[in-house]
Structure formats: C-alpha cells, structure tokens
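A look at the structure
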Amino acid sequence: QVQVVESGGGLVQPGGSLRLSCAASGRIFSIVYMGWYRQAPGKQRELVASVTTGSSINYADSVKGRFTISRDDAKNTAYLQMNNLKPEDTAVYYCNVLARPRITSTSENYWGQGTQVTVSS
C-alpha cells in the first residue's frame, strides 16, 4: 500500500508565497507521475501542475509563471512552490501519485487527503 501525505498549506495574504510538499511512502517500486490538483468550494477538481518520471512538466494556464513544481526522487516527494498568490488560488490542494508498488505491478493511482490554502487579506 502507498500512502500520500500533503503538507505546507495555510493562510497567506495576496502576493505571498507558500510551499506545499507531497510525500509518498510505503511499498513503492517506482513513481511514474506526481501531480497537484485543487478544488475550490462549488467547483470541480482541477490540475494545477504535474511532473512525470521523464521530467515532463505541465502547468495550468492560471498558475504559469507563479507556481513551480519539483520532485525529489530520492525522497519520493514532490513540491509546489507558489508565489504571488491570489484569492482565486484559495482551495484544497491534493497530491496525486501514480506508482508501481512492486516490479511486477502495473501503475496504481493514489491520492492524499489534501491541504487547505487560503489567500486572503
């Protein structure tokens, strides 16, 4: 079983910064994909940023130039550096991990519990 835990959320003023962390642990042979998603009240969950094993990175248009995703394979951890935060960035941020628990396994999908980010003055 693979566990995914997010951390780093909180309350920040507009223009401020936060750094989210996503740590995957448990039985992991390899991680194929790590992505950050967010869900605001009354809205659907949306992709914020993602990074694959081959370091292919993708960002939502709304965060390009402000957010940076990175990955530490040695720690099975992904980070999301969020700068110049805006009130519309307020949401619960979830980490999604696509991982192979064993060398003989196919990739399986795992989600964390989420961390709240609130941008408000």
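Let me sum up the structure you'll find in this document. (Residues numbered from 1 in each chain as written. Predicted model: local features only at pLDDT ≥ 70, side-chain atom pairs only at ≥ 80, totals over all residues. Heavy atoms only, no water.)

1. Remarks on the sheet that holds strand β8 (residues 77-82)
Taken in spatial order, the four strands of this open sheet run β1-β3-β8-β7, and their pairing is antiparallel. Two strands lie at the open edges of the sheet, namely β1 (2-7) and β7 (67-72), each paired on one side alone. Each strand of the sheet is rotated relative to its neighbour by a mean of 15°, with strand direction disregarded. (Pairing = 2+ DSSP bridges. Helix = DSSP H or I, 4+ residues; strand = E, 2+ residues; numbered from the N terminus. Axes fitted to C-alpha atoms, helices over the stretch in contact; angles between N-to-C directions.)

2. A word on the state of the cysteines
The final tally for this structure, using the stated rule, is one disulfide. There is a disulfide in this structure between C22 and C95, and the S-S distance comes to 1.9 Å. Here C22 and C95 share a disulfide; its torsion about the S-S bond, -75°, makes the bridge left-handed. With C22 in strand β3 (residues 18-26) and C95 in strand β9 (residues 91-100), this residue pair connects regions lying 73 residues apart in the sequence. (Disulfide = S-S within 2.5 Å.)

3. Examining the pairing of β1
Remember that side chains alternate between the two faces of the sheet whenever the strand is regular. Only one face of β1 is covered, namely the face carrying V2, V4 and E6; the face carrying Q3, V5 and S7 is uncovered. Two strands pair when backbone bridges link them, and β1 and β3 are joined in this way by six bridges, in the antiparallel orientation. When the sheet's bridge partners are listed, V2 is paired in β3 with G26. (Buried < 20%, exposed > 50% of the residue type's maximum accessible area, 1.4 Å probe, protein only.)

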